[in-house]
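Each chain, letter by letter, is given below.
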Amino acid sequence: MSAGRQSLVIVGAGPRGTGVLERIGANAPEGGGRLDLDIHLVDPYPPGGGRIWRREQSPLLWMNSQAQDVTMFTDDTVQLDGPVRPGPSLHEWAGLDGRTFADRQRQGGYLRWVYEKAVAQLPAGVVVHHHARRAVRLAGPRHGRQQVWLEGRPRPLLADAVVLAQGHLDAEPDDEQRELSAYAARHGLVHLPPDFTADSDLSALAPGQDVLVRGFGLAFVDLMVLLTEGRGGRYEGDTYVPSGREPVLHVGSRRGVPYHAKIGYDWDAAAGERPPLPRFLGPAQIDELLARDGGFDFHADVWPLVDKELGHAHYHRLFTAHPERTTVAWTDFEEKYAAADPLSAELQALVASAVPDPADRLDLTALDHPLDGVRHTSYEELQGGLRAYIEDDLARRHNPDHSPDLAVFLGLLSVYGQLVRLGDVGTWWHGFFSYLASGPPGPRLRQLLALSRAGVVKFVGADMRVTAEDGVFRAAGATVPGHVVEARALVEARLPGPTLARTRDRLLRALYEDGAASTPAGLLVVDPADGRIKHRDGSVHPRRFALGPATNARGAGAFTRPRTNSPSLRQNDATARAVLAFLRDLSCRATATTAA
């Protein structure tokens, strides 16, 4: 590094780190003058895609979003202080039909192109260096240069500022997972703890073997694909033709059902007005929650506002697009809806009187517990019942007559963007959001139905409980009382929780041990305004920043839907501007000292 040059280290070169890099380039010209800066990207995986979206993974694994719903670029809906610098969404870049669910290799190519474009647009004097290594330690005084130690290097990178953007993290197993793994080792069983499915070694799951799978979200979908098509099976229409190498997957979860399918139509097909968002949970309500003495409780203080916001989106759509299914005018209903307290008996009575068919009413509690009260007399009966549930979900999510579902989806995006400002609101909300808004593509659920009919996948039901006894694993659920499934293999189909205390990221673990603040759920606490890392004494580190799912300001995904005022793009811009402002101030002070 030549004399007079400044240094920025970004740990994590995936989409979040790439997004920060793009925003640095967009904002750099604002300060005027030449910026002499070395940017060091530290990541053992290729820049752009990083680990999760690297191009070197199975082409059978798809994105969970349509190609038209994926962008890394700002637009005029994004509320930021920096300049808008538009760019193509995935489908525009790749020349795909917008409704295509592209494979992750294609997304990795898009992210690599975004990275290369961001580097090419950096101003003269800014040079990017990629270090294909892991960062293992961050040290240095608060008011001096930071030291970023890399695996296998004897000397650290010196940095005037550091941005941590590692994305999703591996974690050491918790007490339950350690006990299950130890039990499996003693009895010659197979136990796969929470992991990124694409990186899991599935070779221990033998053909024809009964395997308990706990988790029915997106990690399960990846597991299902890799153990079926990934082992040579194929689909002929709605029929699965096994290769004979597949295990038998007995899957269950708390809800006992897969995430809701992606909605299979767009707003143009549904026609009519979009819901006015936000309405009951916007900036003013977030300001009020943040100003409360003693803080707030999510379920008591926030959830009622979420429920009312989503209900308003749902009923706005129902009344304006399908007035024949209501008994009063929208204006009359809205006035009374706005005046009623959230979750109140008054509001429930209003809905019941104005919306005759219960199927047209929004009941978020019922949605979260779809099998409550559902009982089957046999395991075989449960299989048919769950197939019928999935078929009904697919039909509804592809029928514009149910377009209030699309309005609720838009409401969920709005709510998510608002709740970012509250920091860590617990894991339940993120799981509920994913269950309703971030489920698998419809074709994946049709494949699940085919696998169920072929006997390759079997459903356990809701409230799945796993025990380890008598040298085997056993699973039971509430949906078929008394039925127990026995197996010699157990897979935890979910991602590791983002917790600083158990993360395998050595750098973040050391920060936590050195006094970085964390939430009760184990997330790194940062200043929501610019991402600066906070310490347990309440101070904010002037040179250290962090973004992404390991922080309390986790926001949405690293990439986003176009034209949704993306929280992640806003965060990237705010952090990039804060870093640049700090570096310029540092340079000015150094120049003044030299002149003196």
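Each remark here, short or long, concerns the structure printed above.
All figures in this text were calculated on a predicted structure; none of them were measured in a lab.

Each value, and the rule that gives it
- Residues numbered from 1 in each chain as written.
- Predicted model: local features only at pLDDT ≥ 70, side-chain atom pairs only at ≥ 80, totals over all residues.
- Heavy atoms only, no water.
- Buried < 20%, exposed > 50% of the residue type's maximum accessible area, 1.4 Å probe, protein only.
- Helix = DSSP H or I, 4+ residues; strand = E, 2+ residues; numbered from the N terminus.
- Arc of directions from axis to C-beta.
- Polar contact = N/O pair within 3.5 Å; in protein donor to acceptor, adjacent residues only side chain to side chain.
- Axes fitted to C-alpha atoms, helices over the stretch in contact; angles between N-to-C directions.
- Parallel < 35°, antiparallel > 145°, perpendicular 65-115°, else oblique.
- Left-handed = near helix turned anticlockwise from the far one by under 90°.
- Contact = heavy atoms within 4.5 Å.
- Salt bridge = Lys/Arg side-chain N within 4 Å of Asp/Glu carboxyl O.
- Phe/Tyr/Trp six-rings, centres within 6.5 Å; stacked < 30°, edge-to-face > 60°.
- Lys NZ or Arg CZ within 6 Å of the ring centre and 35° of its normal.

## A short note on helix 16 (residues 506-513)
Then comes step 1: All buried positions along helix 16 are accounted for by Leu 507, Leu 508, Ala 510 and Leu 511. Along the axis of helix 16, the buried positions cluster into a sector of 160 degrees, meaning they face one direction only. For helix 16, exposure combined with an orientation more than 90 degrees from the buried face picks out Arg 506 and Glu 513.
Then comes step 2: Between the side-chain oxygen of the N-cap and the backbone nitrogen of Leu 507 there are 3.1 Å, and the N-cap of helix 16 in question is Asp 505.

## Considerations on helix 10 (residues 345-354)
Then comes step 1: Of the residues making up helix 10, those classed as buried are Leu 347, Leu 350, Val 351 and Ala 354. Viewed along the axis of helix 10, the buried residues span an arc of 95 degrees, placing them on a single side of the element. Opposite the packed face of helix 10, turned more than 90 degrees from it, sit the exposed residues Ala 345 and Gln 348.

## A word on the packing of helix 1 (residues 15-27) against helix 3 (residues 104-120)
Then comes step 1: Packing of helix 1 against helix 3 brings their axes to within 9 Å, and their N-to-C directions diverge by 25 degrees. Taken together, the axes of helix 1 and helix 3 are roughly parallel relative to one another. Considering only the axes of helix 1 and helix 3, their crossing is left-handed. Here Pro 15, Thr 18, Leu 21 and Glu 22 of helix 1 come into contact with helix 3, specifically with Leu 111, Val 114, Tyr 115, Ala 118 and Val 119.

## Some remarks on the pattern of salt bridges
Pairing between side chains becomes possible if they bear opposite charge and their charged atoms approach one another.
Then comes step 1: Per the stated rule, a full pass over the model turns up 38 salt bridges.
Then comes step 2: Residues Glu 236 and Arg 234 are paired through a salt bridge, measuring 2.8 Å at the closest nitrogen-oxygen approach.
Then comes step 3: Judged by relative accessible area, which is 45%, Glu 236 ranks as partly exposed.
Then comes step 4: Taken together, the shared-partner salt bridges connect Arg 5, Arg 34, Asp 36 and Asp 38 into one network.

## Let's talk about the packing of aromatic side chains
Then comes step 1: Taken as a whole and assessed by the stated rule, the structure comprises 26 aromatic pairs.
Then comes step 2: An aromatic cluster is built from Phe 298, Trp 303, Tyr 416, Trp 428, Trp 429, Phe 432 and Phe 433, whose rings are joined through pairwise contacts.
Then comes step 3: The ring of Phe 280 is capped by Lys 308, whose NZ or CZ atom sits 4.7 Å from the centre of that ring.

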